Amino acid sequence: MAGKGKDYFGLPWLISLILAIIPVTSWLLGVATRFNEGKYLAGLLRLVLGWNIIWILDIICVLLKGKILRILNV
């Protein structure tokens, strides 16, 4: 399993996983993370689409890789 997470502002893996499981925090922090990286189009997509399948994929990715799903790196 992953050690120190790179997403959700560098929080440890376990805390990132807990935050990813909660739908509202996953959605808000996913959008904030993408905007913080300067990926504005990806942030807008997460803002609109981040409450459904992306939420489930984020949980799986944080569990397996320690970071959120990167669909669009633009």
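This write-up is about the structure you can find in this document. Everything quoted here is computed from the prediction, not taken from an experiment.

**A short note on helix α1 (residues 13-21)**
Move 1: Among the residues of α1, those classed as buried are W13, S16, L17, L19 and A20. End-on view of α1: buried residues confined to an arc of 165°, all on one side of the axis.

**Topic: a nonpolar patch on the surface**
Move 1: Where nonpolar side chains cluster on the molecular surface, the patch consists of L41, L44, L45, L47, V48 and L49 and spans about 500 Å² of accessible area.
Move 2: With respect to the helices and strands, the residue L45 is situated in helix α3 (residues 40-49).

**Remarks on the packing of α1 against helix α4 (residues 53-64)**
Move 1: Interhelical geometry of α1 versus α4 gives an angle of 165° and a closest axis separation of 9 Å. It follows that α1 is roughly antiparallel to α4 by the angle criterion. The two elements α1 and α4 meet at a crossing, and its hand is left-handed. Residues W13, S16, L17, A20 and I21 of α1 touch α4, and the partners they reach there are W55, I59, V62 and L63.
Move 2: Across the contact of α1 with α4, the residue classes tally to eight nonpolar, one polar and no charged.

**Description of the packing of α1 against helix α2 (residues 23-36)**
Move 1: Where α1 meets α2, the closest approach of the two axes is 5 Å, and the angle between their N-to-C directions is 110°. The angle between the axes of α1 and α2 places the two elements in the roughly perpendicular class. Residues L19, A20 and I21 of α1 form the contact with α2, whose own contacting residues are P23, T25, S26 and L29.
Move 2: Tallied by class, residues from the contact of α1 with α2 come to five nonpolar, two polar and no charged.

**Things to note about the pattern of salt bridges**
Move 1: Scanning the model with the defined rule gives three salt bridges in all.
Move 2: Among the salt bridges present, the one from R46 reaches D58, with a minimum N-O distance of 2.8 Å. Of this pair, R46 sits in helix α3 while D58 sits in helix α4, placing them 12 residues apart in sequence.
Move 3: Classification of R46 by relative accessible area gives buried; the value is 6%.
Move 4: Put simply, R34, E37 and R70 are held in one network by salt bridges that share partners.

Quick notes on the rules
- Residues numbered from 1 in each chain as written.
- Predicted model: local features only at pLDDT ≥ 70, side-chain atom pairs only at ≥ 80, totals over all residues.
- Heavy atoms only, no water.
- Buried < 20%, exposed > 50% of the residue type's maximum accessible area, 1.4 Å probe, protein only.
- Helix = DSSP H or I, 4+ residues; strand = E, 2+ residues; numbered from the N terminus.
- Arc of directions from axis to C-beta.
- Patch = residues over 30% accessible without salt bridge, like charges linked within 9 Å, V, L, I, M, F, W, Y side chains within 5 Å.
- Areas by Shrake-Rupley, 256 points an atom, 1.4 Å probe, with all protein chains shown as cover.
- Salt bridge = Lys/Arg side-chain N within 4 Å of Asp/Glu carboxyl O.
- Axes fitted to C-alpha atoms, helices over the stretch in contact; angles between N-to-C directions.
- Parallel < 35°, antiparallel > 145°, perpendicular 65-115°, else oblique.
- Left-handed = near helix turned anticlockwise from the far one by under 90°.
- Contact = heavy atoms within 4.5 Å.
- Nonpolar A, V, L, I, M, F, W, Y, C, P; charged D, E, K, R; others polar.

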